[in-house]
Amino acid sequence: MKKILIVCALSSELNNIKEIVKNLGLRNVKLSFFTTWMWNYNTILNLTRFLENESFDFVINIWVCWYKTEIIPAFQVARIYNLSNNKELIIPNLIDFLSLKSIACSEKIVFDSSIILEELFVDMESYGFELVCNSFSVPRLILKVPVDKIWDETKNFDFEKAVTFLKQNIDYKALLEKVISYLDKKEEKIDFEKYFKVFNFTFSEKEIFKKFYFRYNSLVWSDFEEYFLENSSLEKKVFLKELEKFLEKFLIK
């Protein structure tokens, strides 16, 4: 059972997305939904608290943004430029779904388009989302739907238009099929049975092991085989607990 989390800033927009994807009839997928509220700090705090207690195979961030000159239906974020500290984050391109674009991220509502420099789009949450997901080493995707032009439309944000664009501008069936295909291929490449033969894992313990395995390969600069051989004599519950504790040292808190 693949666990996919869809994240929005506000519940009003998320509820509409929820209704669409729940009627797609997808099998062997557990969809969860979470709202972070607006701004980077809220995103960082709320999403971190949530992911500390829940694990997912893939996380998708979908929400609106402002645009400078030309509106497009939607795009996939490839780079985030944080206006407050002049730092950038590059998003791992795990899935080719929409055109790749760069976006600015601001701690304040942007009324002057010159503030975002050469960037064509701006939001208030993408930097925090990527920071948190990277710290948990969870595969993710950020999709943005431009709604309001910076200045007049910024001052009069149209929630109804935002809801309409979020419903119409993204093909949610195609999106989730791509995510599921990515997860299928990711699992096919790894022979987990050689590990499961050593430990008589239950189904839930196998899923926990897989999560830790992928996290290890994302965070640790050493071969997992070496770690496994060194600790394979442990009792299975102790092994999982020690592996979790080991990985904690590599997470950004």
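In this text the structure is predicted, and so the values were computed from the model without any measurement.

Cut-offs used in this document
- Residues numbered from 1 in each chain as written.
- Predicted model: local features only at pLDDT ≥ 70, side-chain atom pairs only at ≥ 80, totals over all residues.
- Heavy atoms only, no water.
- Helix = DSSP H or I, 4+ residues; strand = E, 2+ residues; numbered from the N terminus.
- Rg over C-alpha atoms; globule rule 2.2 N^0.38 Å.
- Buried < 20%, exposed > 50% of the residue type's maximum accessible area, 1.4 Å probe, protein only.
- Contact = heavy atoms within 4.5 Å.
- Lys, Arg positive; Asp, Glu negative; His and termini not counted.
- Charge placed at Lys NZ, Arg CZ, Asp CG, Glu CD.
- Axes fitted to C-alpha atoms, helices over the stretch in contact; angles between N-to-C directions.
- Parallel < 35°, antiparallel > 145°, perpendicular 65-115°, else oblique.
- Left-handed = near helix turned anticlockwise from the far one by under 90°.
- Nonpolar A, V, L, I, M, F, W, Y, C, P; charged D, E, K, R; others polar.
- Salt bridge = Lys/Arg side-chain N within 4 Å of Asp/Glu carboxyl O.
- Core = buried A, V, L, I, M, F, W, Y, C linked by side-chain atoms within 4.5 Å.
- Arc of directions from axis to C-beta.

Enquirer: If you had to explain the overall build of the protein to someone new, which residues and values would you point to?
Expert: When you go through the protein residue by residue, the secondary structure sums to 10 helices and eight strands. In summary, the protein has a C-alpha radius of gyration of 20 Å against a globular reference of 18 Å for 253 residues, a match within 12%. Counting only C-alpha atoms, the protein reaches 65 × 40 × 25 Å along its principal axes. In the protein, which comprises 253 residues, the proportion classed as buried is 46%. For the protein, restricting intrachain contacts to residue pairs at least 6 apart in sequence, the fraction spanning at least 24 positions comes to 71%. Treating the 35 positive side-chain charges of the protein as one cloud and the 37 negative ones as another, the clouds have centres 3 Å apart.

Enquirer: Break down unusual backbone geometry for me, citing the residues and quoting the values.
Expert: Within the chain, Leu117 stands out as a residue other than glycine whose phi angle is a positive 55°. Position of Leu117 among the secondary structure elements: in the loop between strand S6 (100-105) and strand S7 (121-123). With a phi angle near 55°, Ser137 is a residue other than glycine that sits in the positive phi range. Relative to the elements of secondary structure, Ser137 occurs in the loop between helix H3 (126-135) and strand S8 (140-149). On the basis of relative accessibility, which here comes to 14%, the residue Ser137 falls in the buried class.

Enquirer: Would you mind going over the packing of helix H1 (residues 11-22) against helix H5 (residues 159-168) in detail, with residue names and values included?
Expert: Describing two packed helices takes the angle between their axes plus the distance from one axis to the other. At a closest axis distance of 10 Å, the pairing of H1 and H5 adopts a crossing angle of 25°. With respect to their mutual orientation, H1 and H5 come out roughly parallel. Note that H1 runs across H5; the crossing there is right-handed. Taken together, the residues of H5 that come into contact with H1 (itself represented by Glu13, Asn16 and Ile20) are Phe159, Ala162, Val163, Leu166 and Lys167. Residue composition of the contact of H1 with H5, by class: five nonpolar, one polar and two charged.

Enquirer: I'd like a rundown of the pattern of salt bridges, residues and numbers included.
Expert: Applying the stated criterion to the full structure yields 13 salt bridges. Measuring nitrogen to oxygen at the nearest pair gives 2.5 Å for the salt bridge that ties Glu177 to Lys173. With a gap of four residues between them, Glu177 and Lys173 both fall in helix H6 (residues 172-188), about one helical turn apart. The partly exposed category is assigned to Glu177, whose relative accessible area is 38%. Of the charged contacts, one joins Glu207 and Lys210 as a salt bridge, the two residues approaching to 3.7 Å between their closest N and O atoms. Of this pair, Glu207 and Lys210 are both found in helix H8 (residues 203-219), three residues apart, which corresponds to roughly one turn of the helix. According to the relative accessible area criterion, Glu207 is partly exposed, its value standing at 26%.

Enquirer: Summarise the nonpolar core; cite the residues concerned and give the values.
Expert: In this structure, Ile4, Phe58, Ile62, Ile170 and Leu175 are the most contacted members of the largest nonpolar core, which totals 32 residues. Where this core is concerned, the elements lending two or more residues are strand S1 (2-8), H1, strand S2 (29-35), strand S3 (58-67), S8, H5 and H6. For this core, the leading source of residues is H6, giving seven residues. Not counting chain neighbours up to four residues away, the residues in contact with Leu175 comprise Ile60, Ile62, Phe97, Leu141, Leu143 and Ile170. Listed in part, the 24 residues of the second largest apolar core include Leu47, Phe56, Tyr67 and Leu89.

Enquirer: Would you mind going over H5 in detail, with residue names and values included?
Expert: Within the sequence span of H5, burial applies to Ala162, Val163 and Leu166. For H5, the arc enclosing every buried residue in end-on projection is 95°, short of the 170-degree limit, so these residues lie on one face. Structural note: H5 exposes Glu160 and Gln168 on the side pointing more than 90 degrees away from its buried face.

Enquirer: For the environment of Leu141, give the residues involved together with the corresponding values.
Expert: Its location among the elements puts Leu141 in strand S8. The exposure class of Leu141 is buried, given its relative accessible area of 4%. Along the sequence, Leu141 and Leu183 sit 42 residues apart, while their C-alpha atoms lie 13 Å from each other. Filtering out sequence-adjacent residues up to four positions away, Leu141 remains in contact with Phe58, Val59, Ile60, Asn61, Gln76, Ile95, Phe129 and Leu175.

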